[in-house]
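Now for the letters of each chain:
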Amino acid sequence: MRNTSVLWVFLRLLVPMFVGIATAVTHIPLLPPSYPIAVRNPYLSVWLPGNVVDFLPTAVPQFWNGQNLGTAIFARVGGNTYSLLGVPSPPRGVQPATVVSAEYTATHTIFTLTAGSTTLRLDFLSPVSPRNYLRQSLPYSYLTVSAFSAASVSVQVYLDLDETWTGQSGNTRHHLYNTNETLIWQMSVAGAATYAQNPQEQALWGTVTLASNPSNTSKLTSSSGRINDIRNEFFTNGRLLGTNPPWAPGDVSALSHDLGRISSTSSVTFAIGYERRQAVNYLGNARAGYYRGTTAANVCAVCHFLEDYTDANRESLAFDTQLETRSSALGGTNYSDILALSVRQAYGATDLTIPADTLDTRNVMAFMKEVSSDGNVNTIDVIYPAFPLFYVMNPEYIRLLLEPVMQYLSTGRWKQPYAIHDIGTSYPNAIGHDNQAAEAQPVEECGNLLILTYAYTLASRNNTFANRYHTLLRGYADYLVTNGINMPSQLSTDDGTGATANQTNLAIKAAIALNAYGTLFNEPRYSTIGKNYANTLYTQGLATDPAKTHFTLNYPGNANTYTTAFNLYPDALLRLRTFPQAALDMQAAYYPTRRAAAGVPLDSRVPWGKTDWMQFAAAAGGGGFGYEGLMGVERSSEEWI
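Residues numbered from 1 in each chain as written. Predicted model: local features only at pLDDT ≥ 70, side-chain atom pairs only at ≥ 80, totals over all residues. Heavy atoms only, no water.

Asker: Whenever I open this one, helix α9 (residues 470-483) confuses me. Can you help?
Answerer: Since the α-helix packs 3.6 residues into each turn, any two residues three or four apart lie on the same face. Under the 1.5 Å per step criterion, the end-to-end length of α9 is 20 Å for 14 residues, consistent within 8% with the ideal 20 Å. Buried residues of α9: His470, Leu472, Leu473, Tyr476, Ala477, Tyr479, Leu480 and Asn483, and no others. Packing partners of the buried residues in α9 comprise α6 (396-410), α7 (442-460), α8 (464-468), α10 (504-520) and α11 (524-539). (Helix = DSSP H or I, 4+ residues; strand = E, 2+ residues; numbered from the N terminus. Expected span 1.5 Å × (residues − 1). Buried < 20%, exposed > 50% of the residue type's maximum accessible area, 1.4 Å probe, protein only. Contact = heavy atoms within 4.5 Å.)

Written as structure tokens, this is what we have:
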């Protein structure tokens, strides 16, 4: 894993120049580096940089890698047209609406604007439904546009997408479907090879989908064609005229709702998505999205998605409330603010799949992309920092992510004595490393696999998975027995800091992992070795300074160095008690002495910190120490990594 957290990858851009003066915008609960817009999987991952939301009508959503995705929203209120999103240069006669507030929860991003006497609300919902595999796997996100006016006024809304969503220009196919009044625009790339990507990691082999159905009070229309022509249809008529010529570069596909005259609140919902019938290449066999096992035709899938909105929204509101209430009670509002922003990103890095040939929903695997780094598939040390989220919300996700790794390792094609780093160099090709060329992080990945397997078994109370791979896991435990404390120079998960020998944090992980393995399989010899390692590192002082105020970066000696000992966290979470409470208390007392403006740096070599490891370290801390003592959330969130 590179120098960026799996839970924190945000786009930092220069603030563009704008004409005019922005009014004060309220940011609830704070202004993040980037707002999730449509975040469902590695190829439907759309964000809006936080430094442009105050100028929302001119701001353009982006793919996670930074490229703009042409998306425009307009509203006509009383015959006057307002731009709401994605219009950097409004045409004559179009006014930017006034931005009032920007808000995020765990599943929603909500922008409130005013246009004349009417308040408009853009609610982007990316469902997070860990126990409902159908809902979680559907490759779409909702946009609900709500209009409120105390006085009777006519309102129409408009949304268009251009071919930047396909990842290329000039080779786009498009088609309009009408299914039981649901209008569905689809755009795809002619002749794209399966699993092909552009250099910015957008998929080329799938289908962009824009769909909606009329509400009880709205009239839905569609058009496609030259951008100015289609928008002018709406500006002039308040509806679209069904235009649909052959596609040309620069065209858009658009839908419009006429809400009629409103005197209270009226809402309409759109679905925006990116479908891949063959989602992942696993060892040469295609895997499809789980949803295809229940809604075989992709067009029917988006129909189901729209029909499911009421239930999905109800679930999301309850989910958001529970998460905010419980997390703020545990760690304060700074912690709950970060956690809420992390949830969509963690689940949005994954695909939930079944075999594409049989569509057997009993054969489920999850795949995770190492987003923002090198694009590896199911990187073990990327699953590791995400596992607490899955551990609480649905521990089966831990197993589903490990299953493709363990099945590959069971083939014997990976011949090293230590666990593999990932099962594919470039997502979505999970084809293994038969050439033995995967990045080597021997102690890191052996420890991660043992801890993750124990965590899953403990949370699920199901030992079937662990027993199936007992032989493999024993081999990795034996590797740690030999190499867990006297380790040659090697990389850890923070591989951007370089390789060093005898890393304290890795030795801590090895000790805990051995205890986890011994506890899991009732093999006390391994637990004893793990606890002896802990005794050597802490009690005997091999990896602490002489005064025993903190763990050092590596050992022996190096008293003036330090590390964020985040690998202590699973010892506390899983109640393994490999290390004495005094070791956790020692670190908890030390971290505030190293706290900088945006939190505690990773270790004594670097000036930057990472929010995932800060949270691990804070959660492991004893003596009342918590998140407020470790993290600098009150500072500009652009300082987070």
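Asker: Sorry if this is basic, but what is going on with the nonpolar core here?
Answerer: As a rule of thumb, nonpolar side chains are buried together in soluble globular proteins. In terms of nonpolar packing, the biggest core is built from 188 residues, with Leu48, Phe111, Leu122, Phe551 and Phe579 touching the most fellow members. Those residues within four positions of Phe111 in sequence are excluded, and the remaining contacts are Tyr35, Ile37, Leu48, Val53, Leu56, Ser101, Ala102, Leu120, Arg121, Leu122 and Phe124. Counting 11 residues, the second-largest nonpolar core is a separate cluster that includes Ala72, Phe74, Tyr158 and Leu240. (Core = buried A, V, L, I, M, F, W, Y, C linked by side-chain atoms within 4.5 Å.)

Asker: What is the right way to look at the pattern of salt bridges in this model?
Answerer: Two side chains that carry opposite charge are able to pair once their charged atoms sit near each other. Inspection of every chain in the model, using the stated rule, returns 16 salt bridges. The salt bridge partner of Arg399 is Glu396, with a shortest N-O separation of 2.7 Å. Of this pair, Arg399 and Glu396 both sit in helix α6, separated by three residues, roughly a single helical turn. Arg399 gets classed as partly exposed once you look at its relative accessible area, which sits at 22%. Classification of Glu396 as buried rests on a relative accessible area of 19%. A salt bridge links Arg468 to Glu403; the nearest nitrogen and oxygen atoms lie 3.3 Å apart. Residue Arg468 is found in helix α8, and its partner Glu403 is found in helix α6; the two are separated by 65 residues along the sequence. Connected through salt bridges with shared partners, the residues Arg135, Asp308 and Glu315 form a single ionic network. (Salt bridge = Lys/Arg side-chain N within 4 Å of Asp/Glu carboxyl O.)

Asker: How should I be thinking about the packing of aromatic side chains in this particular structure?
Answerer: What characterises a pair of aromatic rings is the spacing of the ring centres plus the angle enclosed by the ring planes. Enumeration according to the criterion identifies 36 aromatic pairs in this entry. Residues Phe74 and Phe235 carry aromatic rings whose centres are separated by 5.0 Å and whose planes lie at 75° to one another, so their mutual orientation is edge-to-face. Within this pair, whereas Phe74 is found in strand β5 (residues 71-77), its partner Phe235 is found in helix α2 (residues 227-237), the two being separated by 161 residues in sequence. For the pair Phe74 and Phe235, one class covers both residues: buried. An angle of 45° between the planes, with centres 6.0 Å apart, marks the rings of Tyr384 and Trp613 as tilted. Of this pair, Tyr384 sits in helix α5 (residues 380-393) while Trp613 sits in helix α14 (residues 611-620); the two residues are 229 residues apart in sequence, bridging distant segments of the chain. (Phe/Tyr/Trp six-rings, centres within 6.5 Å; stacked < 30°, edge-to-face > 60°.)

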